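Spelled out, the chains give:
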Amino acid sequence: MDHVSRRMIHMARARALMYTSIYIAISEVPEHIRLSAIDLLSNMHKELAESLAREAGRMRDLKARNHRRDLDPVARTMLPKAIEMCYSNSGYVVEEDNPDSLKAMLAFISKLIEDEAKALVEGRYREAYKLRKIQLRFINTHLKPLIEEARKNTDLKTLEILEDIIDNDIEYLKLSLVDPDKIDELFN
Amino acid sequence: MSRIDRRTFVKGLTAIALLGGGVAAYLPTLERIVRPKEEYIPPDPQFGDGVKYIYTSCLGCNVRCGIRVRIVERNGIPIIDRIEGNPYHPYNRAVSIDKQVKRYVQLDYTTPVDEATRKWFGTLCPRGQDGIHYIYDPYRVIKPLKRAGPRGSGKWKVISWEQLIKEVVEGGVIEETGERLPGLKDFFVYGKLRDAGFQDPNKVLSEMKKDVEAIMKIARDPDRDYNDIARAIEKFKSKWSSILAEKGLRLEDILIDPDRPDLGTKANMVIWVRGRGQGHSDYFSKRFITAFGSVNWLRHTSACQLGYYAGNKIWAGYHDIQGDVVSSKVIIMAGAALGRLHPGATGQGLLIERTAEGELKLYYVNPIAPRIKNKNIIWVPIKPGHDAALAMAMIRWIIENKRYNKEFLEIPNLDSAKKKGYPVISNATWLVIYDRNHEKFGEFLKDSDLGIGNEGKPLVVSNGEIKPHTDVDKADLEWEGRVKLASGEEVTVKTAFKILRDEAFSRSIGEWAEICGVPPELIVQMARDFTDAAPEASTIIHRGAGMHSNGEYIVWSYRMLDTLIGNFHRRGGLLARPEHTKYNNKIYNCYYKGYGEPVKWGPPIDRHKARYEDTLEYWIKVKKGEDPYPAKRPWYPLTPEESYTEIFAGISEEYPYRAGALIMFYANPVLSANHGIKFIETLKDTRKLPLFIAVTTTINETFMYADYIVPDTTYLETGTLGIQYLYASGAGVYLAEAWRSPAVMPLTEKIGRCPNGHDRYASLWEFFIDIGVKLNMPGFGRGGINGVKGTKYEGRRFDLYCAWEYILRVYANAAVDAVDRGIIPRNIPESDVEFVERNYPIARFKDILPADEWRAVCYGLARGGVFTQYSDSFDEKGYSKRKVKGYKILYVWSEQVARSRNSITGKKFWGGPKYVPPATYAPVEGVALKPANAEDAIPGVPLEEIYRDYPLYLVFESGPLYTKHRSQFYYWIKAIAPENFVVINTRDAERLGIETGDVVRVETPTGAFEAPAVVEPSVREGVIAVPYGMGRWADTIVMKPRYFTPGDGDLKRIIDELPEKVEIPEEAVNPVRNLPEEYRRILFTKSPSSYYEATPEVDKWRFNGVTPNPVQMADPSLGLWPLQTWLGAGQAYYDTLARVSKTGRKHRFEVANIVW
């Protein structure tokens, strides 16, 4: 296995943990699990962890149909179905009540990254590449716009930090798809 | 709030990755929230974690190819998911993705295992590849069973392993019927003597045996009369009754019949019969039966190739000899199926390659065409059973045109042969007394006959003088004359060659051609090509030639072609089996003798290798002035191996003695013998067969009558573990043996651990070991394996409490011997040890061997055996480096055969190769013998004379797809050849108004069956053929057969009484249910899930098709028991006469493309 692949496995595992932690932090899970997720995130960005701890309940209620004011009302009402179709077309079923919720989106992204990590470990590089493309497309089409628009409509501090994280994640994904040899430079 | 730049982002992720253990544990929960829409099944991994490769040996048929098995772990279960050939093996040879070649050769034995595994592949036939369906068979039994109703009722219940062993040893009761079953203890005479207080039971038995031999000496003495014999028997009885009584035993406890002490001890009443045997289940079972003290270790050879074996043994003293497929330039291949006979479908690929490239001309003598379009494979459409006429025609041409090797044939003794550089001689020059009315007719003229010596040396004529054959270097071939014996009588004598010549010249080539059905010009072409290529020409003979009632004479006649050109034991000529290592007794005695086994004597129940004229029965009759003939059943002194017909006829007629118990393994004589349904009457009879135990993977047509079922494993587990020698010609290599070790651990019930901590699974091995331990039999249990004398282990003993403690020592024997021979290096590469310890399940038992032996074993295991190369296998003169097997004399005339008598008629057999038509063993009541029959070599009545209303010959065809009948589970093969039929020649079909698809009725003298017809020119006129491998009716599940009807009313009733359904506990069967679902679906795509879930139900493919066997030929001169060959007692499969008619119904074939 070459050096680049090893780096990408490292990034995939870490990203999966990041998104999963954010998902756990805003979910209704046993408290000790939620706290361990928040604790983990504090190692990445202290303010993110603090705001998540405060704002988890409101973050949990965020849905694209309510916040995507960049779309016309008709399009907004069709978002839940459209996003569900997106999951399905990618080969997945998301067992969340509201497919257009932030929670559902975070769970989906976590799973995609987790599967990408598995594929990389097993040498299925084409599969991994495909999964990163789906991630990038989904983040650009649904996750980032939800966070951007919701930020305009709410005073949730978490969203501001999340937007930064996602921007960085998008840059990483682009680099990994277009010029993976340069991933090493991220660590220098 | 600080922004998150790229650096922070990456650092943060790194921190998360390092510390994320707690959250990582949540990921499986996420799998329930976001799951794949469809289950993703990744492509099979080829290497890496969870993937293992094992080199072992196939058992898709008996060829013993090498295989490489890939095992992948899924859901924690190791699963076999691919089987390919072993590139190290001479049959499978090597092909690489990197290197495309026209001719495959075997990989060099020293090739590193990693390279062999990653870069090289061996060829493998469809059966071998479909072995996956063999192990994953829903009909498999995995726990011990006991019948829960009358025999054959299909009712079974599970019992524990402990209960099985206890009842088999001590006796049991069938609770549902109240029947009492004997235990083996009742017959274990050695144990009885020991338990009664005889310190050395073998001392007692040895003395008893000597006394029996003394009685026989008296019996044979021409100066003694009946009263002398009677007195000797009474003296014997008195002596031994007294000795035994001191310990509380009676003679009846020890001997089968005190009035017939020559029959042996009661141990002989325990009979072992195996069907498919291989190393080391054969050696181990023989060890068991020998340790028990019984002479009855019996095999299925009569259903395999016994006519061929017996013919060879008579001719050359060794049973298995075939042409060299690597270098012969012309081969006469008679009665051998392309795609079946050794070297198997894989090795025979070499034959086809060579013919395609013009290196070899193959004359395919068979009523069925080879169906390969190649100008160098020439079909010779022989009339079944009349091959000797073809051989005689060729012999006539060869002699007429002086195309024989005169120098070789004129050599009369081995010393002279050595001088001339030949490894063997023929006895062509030996003189034979040829006065038909003289009592010595057929015997060699000896020095003692002329009073010129008393060593019994056969005589020859050299330079006009009659001399002992040892005294001259060259003798006359064609000599005939009158000589005066020392007794004053004058007799005619001829050389053996002259007798052969006279037989060949008794008809013209045209007349011979008329008999065998082969055009005379083709015969001449064959003879010319054969002798042009000599000595690099040879014959390959098999069942189709040998398994006729006259089969031995056919084989012998063909082998005269080889004798005439002097091709024995040389490159391009005839070769026997390759050498093998001393796997049985190099340092550990894993053999069946030499560990203190009981003394035994007496004839086997099937009377093979036993002479009627050596029995008390015979001599008592003779001395009483009675005609000793007929014996109750035939005796077969000339056959090298055993007879199915005579096993069951012997049990049924309690001749020569009663049976007590039958233990049968991996066999199915009811189905596989011609008219084998005759055996069912015997199997059902609890009086004649008080105990019947079957060791098997599924419950077949024979085993459904058993009292106990011992679950066994397949060859991919521990079934027939050990080392497989190769059959002739073994691809010509000097030494080769395939090693079989488990690819996966057994799927049968785990029964515990041995005292030394090794896991044990229900199987043949553990069954024998537990009985051996319970009965305290020598050679089992504590110190059961002794060290070999003269080795480092002399005087030491090793425990035998589990299969591993035996088989690891077998491998060690082989490996140590291979090291001594320089085939396995002394310094074993670490990579080989690592490869085996990483991949092979057997490696977990390596503690049984010392480290140095284990390392050597790893070298062999990693390559699937020990193999040498063809290029190193011949000396500079072109002779094989192997030891010459057999007599080293090729018999053109055999005194041994000429002296042997038909034990029904008392008539002597003909002592040389001869054309005789297929016939019964003896005259048939109500059928007059023609005058000619009374004189010549036909012992009974020609079948065509008795059954004139049956104008066709019914044969079967076995090819590369199915393995006789035990392969209806090969579902990947079934997908292309799902059913069978009757193949009828185009002209015959036209005459009968039959088209492909018509359902026809085939009637034989023993019954009838119905099958769809396929009309093709690929079977000769006058012959109909059934592609083999189908027509089952019992394979744990029972499905009553509706396609055949026995002619005999009793047999019809037996078939009608077959149960409609079986009752078998779910827990006892079907290891397939434990496989991951995707595997079950892939394996059985054509079947409903009821086939492979829970207790399996009838699945169509397991029971479809037909087999001709139930209505094949029986012998009306021998109580309508299945017809056999006269000398060898082989099943005469190909002599069934038949007639065909339309039923008016049509059949719709399952696939449009008919493949067989």
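Residues numbered from 1 in each chain as written. Chains lettered and ligands numbered in written order. Predicted model: local features only at pLDDT ≥ 70, side-chain atom pairs only at ≥ 80, totals over all residues. Heavy atoms only, no water.

Side note on the pattern of salt bridges
Residues and elements named next belong to chain B.
- Here the structure, examined in full by the defined rule, presents 119 salt bridges over all chains.
- With a shortest N-O distance of 3.5 Å, R299 and E641 are connected by a salt bridge. Here E641 lies in the loop between α24 (616–623) and α25 (644–652) and R299 lies in strand β12 (residues 297–299), a separation of 342 residues in the sequence.
- The class of R299 is buried, set by a relative accessible area of 14%.
- Residue E641 is classed as buried on the basis of its relative accessible area, which comes to 10%.
- One salt-bridge network, in which partners are shared between bridges, spans D137, E701, R1032, D1035 and R1102. (Salt bridge = Lys/Arg side-chain N within 4 Å of Asp/Glu carboxyl O. Helix = DSSP H or I, 4+ residues; strand = E, 2+ residues; numbered from the N terminus. Buried < 20%, exposed > 50% of the residue type's maximum accessible area, 1.4 Å probe, protein only.)

Description of the packing of aromatic side chains
Residue and element names in this part refer to chain B.
- By the definition in use, this model includes 78 aromatic pairs over all chains.
- Ring geometry for F441 versus W910: centroids 5.9 Å apart, planes at 55°, classification tilted. With F441 in the loop between β18 (431–433) and α18 (447–450) and W910 in the loop between α32 (895–899) and α33 (931–935), this residue pair connects regions lying 469 residues apart in the sequence.
- Over the ring of Y879 we find R570; its NZ or CZ atom is 5.2 Å from the centre of that ring.
- Over the aromatic face of W910 sits the side chain of K914, whose NZ or CZ is 4.8 Å from the ring centroid. (Phe/Tyr/Trp six-rings, centres within 6.5 Å; stacked < 30°, edge-to-face > 60°. Lys NZ or Arg CZ within 6 Å of the ring centre and 35° of its normal.)

What about the sheet that holds strand β23 (residues 537–541) of chain B?
Residues and elements named next belong to chain B.
- If you trace the four strands from one edge of the open sheet to the other, you get β16-β15-β14-β23, paired in parallel fashion. The open sheet terminates on both sides in strands that have one partner only, identified here as β16 (377–380) and β23. This sheet shows a mean twist of 20° between the axes of neighbouring strands, independent of strand direction.
- When strand β14 (residues 330–334) meets strand β15 (residues 361–365), the two strands line up parallel, connected through five bridges. (Pairing = 2+ DSSP bridges. Axes fitted to C-alpha atoms, helices over the stretch in contact; angles between N-to-C directions.)

Examining unusual backbone geometry
All names here are of chain B.
- In the segment running from G279 into H280, the intervening peptide bond is cis, with an omega of -10°.
- Looking at where H280 falls in the secondary structure, it is placed in the loop between β11 (270–274) and α12 (281–292).
- In this structure, P656 follows Y655 across a cis peptide bond, with omega equal to 5°.
- Following the sequence through the fold, P656 ends up in the loop between α25 and β25 (661–665).
- Even without being a glycine, T720 presents a positive backbone phi close to 45°.
- Among the secondary structure elements, T720 is positioned in the loop between β27 (708–711) and β28 (722–725).
- What makes T720 buried here is its relative accessible area of 2%.
- One non-glycine residue, N1070, lies in the positive phi region at around 70°.
- Within the secondary structure, N1070 is located in the loop between α37 (1049–1056) and α38 (1077–1083).

Things to note about the domain arrangement of chain B
All names here are of chain B.
- Taken as a whole, chain B is organised into domain 1 (322–575) and domain 2 (952–1146).
- On a C-alpha basis, the centroid separation for the pair domain 1 and domain 2 is 37 Å.
- Taken together, the contact pairs 26 residues of domain 1 with 29 residues of domain 2.
- Summed over the shared surface of domain 1 and domain 2, the result is one salt bridge.
- Notably, a salt bridge pairs R371 with E957, separated by 3.1 Å at the nearest N-O pair.
- For the pair domain 1 and domain 2, the number of links is 14 residue pairs in polar contact (both at pLDDT 80 or more).
- Going through the elements one at a time, α22 (543–546) and α23 (551–565) are the ones with two or more residues in the side of domain 1 that touches domain 2.
- With three residues, the single largest contributor to the side of domain 1 that touches domain 2 is α22.
- Split by residue class, the side of domain 1 that touches domain 2 holds 13 nonpolar, eight polar and five charged. (Domains from an automatic or database assignment. Contact = heavy atoms within 4.5 Å. Polar contact = N/O pair within 3.5 Å; in protein donor to acceptor, adjacent residues only side chain to side chain. Nonpolar A, V, L, I, M, F, W, Y, C, P; charged D, E, K, R; others polar.)

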